[in-house]
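Working through the structure, step by step
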Amino acid sequence: MNELAIRKDGDIPASSFGELKLVPSSALQNLTLPQAERTLLGFELPIVARLYQQMILVRLVEERLLELFSQGLLFGTTHTSIGQEANAVGVINALDRDRDIVWSNHRCHGHFIAYSGEVEGLIAEIMGRVTGICGGRGGSQHLCFRNFHSNGIQGGIAPVAVGCALARKDEGAVAVVFLGDGTMGEGAVYESLNLASVFGAPVLFVVEDNEIAQTTPKNLTVSGSIIARAEPFGIRTFAYDGNDPVEICELAQEAVGYVRAEGRPCWLYLRTERIGPHSKGDDTRPALRLEQARARDPIPPMRQRVADFEEIDAFCRSTVDRAVESAAAAAMARG
């Protein structure tokens, strides 16, 4: 029988692993990150302030990208993760950035910024500038930076993550793949779950369920329980219904620890909200549904927990402003 640890905001039952504790900041890995990235990611701050800073950085970048798109300054499309920032920072901060591998999807900006702090490189990439992390040729759906990769093919990254996890297993690395509720109809996902379980691949499947696939509500595309999807494959499952990044980070640390120690796959379900549009301005949700989504915005509750939030907000805003100015001044990518 698959063991299941489920948490909900305001009603969090004890995990099957017992009491959970965040790893102290002094004990975290990733010590080889450049100092500039450590500062942007708030590594010198207490854990709550650090997660808040990363969330604000993601939110401001996403909002600026939508603004730049409306001005015709971006190439291709752009899929923002506004409202889902707690997932990005919670999961990524549970990883060892030096060796773990992240496979992200079309809605990857939050994951990428929490992983790298490379705000300028991301904005320049989406603006098609030579200073972008991939020379301005890949856009946000084809990022390749250290151990971070993104791809817009729904479910297509799942088998790649499994193969990568097997290839790097002897190094103690964990592969993390981000999926959405819209990928639950993709056969490649279930083939990946099957092979990951059979071969013992150290891969963490993270499902961000925002209950809508582009403009199609989940009830029209998904049958049964997403939480229970991995159980037939004998894969341990963790689930969280809430937007507290500290809780997500604790649960993700536990899941990652299990994957690394046991050399087994794990299924991490996160119920979340997408406040912004699917891409650009294509949001067909009723006004009431949008109001419900905004009510679950993870940033206001976190702001109340950070004494110097105004200083952090100002730092992140100036960081994004400088990144946009620098990207705009760079040459356009050619060829």
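Whatever comes next refers back to the structure up there.
Reading the values: the criteria
Residues numbered from 1 in each chain as written. Predicted model: local features only at pLDDT ≥ 70, side-chain atom pairs only at ≥ 80, totals over all residues. Heavy atoms only, no water. Buried < 20%, exposed > 50% of the residue type's maximum accessible area, 1.4 Å probe, protein only. Phe/Tyr/Trp six-rings, centres within 6.5 Å; stacked < 30°, edge-to-face > 60°. Helix = DSSP H or I, 4+ residues; strand = E, 2+ residues; numbered from the N terminus. Contact = heavy atoms within 4.5 Å.

As a further point, take unusual backbone geometry. Most peptide bonds take the trans form, and the phi angle of most residues other than glycine is negative. Unusually for a residue other than glycine, R146 sits at a positive phi of about 55 degrees. Take R146: its relative accessible area is 45%, and that puts it in the partly exposed class.

Our focus in this paragraph is the packing of aromatic side chains. If you walk through the whole model with that rule in mind, you get four aromatic pairs. Summarising the aromatic geometry, the rings of F112 and F148 are spaced 5.2 Å apart at their centres and angled 75 degrees between planes, so their arrangement reads as edge-to-face. Highlighted residues: F112 in helix α4 (residues 109-116) and F148 in strand β4 (residues 148-150), separated in sequence by 36 residues. Pair check on accessibility: F112 and F148 agree, each one buried.

Moving on, we come to the environment of N151. Mapped onto the elements, N151 comes out in the loop between β4 and α6 (157-167). Judged by relative accessible area, which is 23%, N151 ranks as partly exposed. With 11 residues separating them along the chain, N151 and S140 place their C-alpha atoms 8.4 Å apart. Among residues more than four places away in sequence, those in contact with N151 are S104, N105, H106, Q141, H142 and I157.

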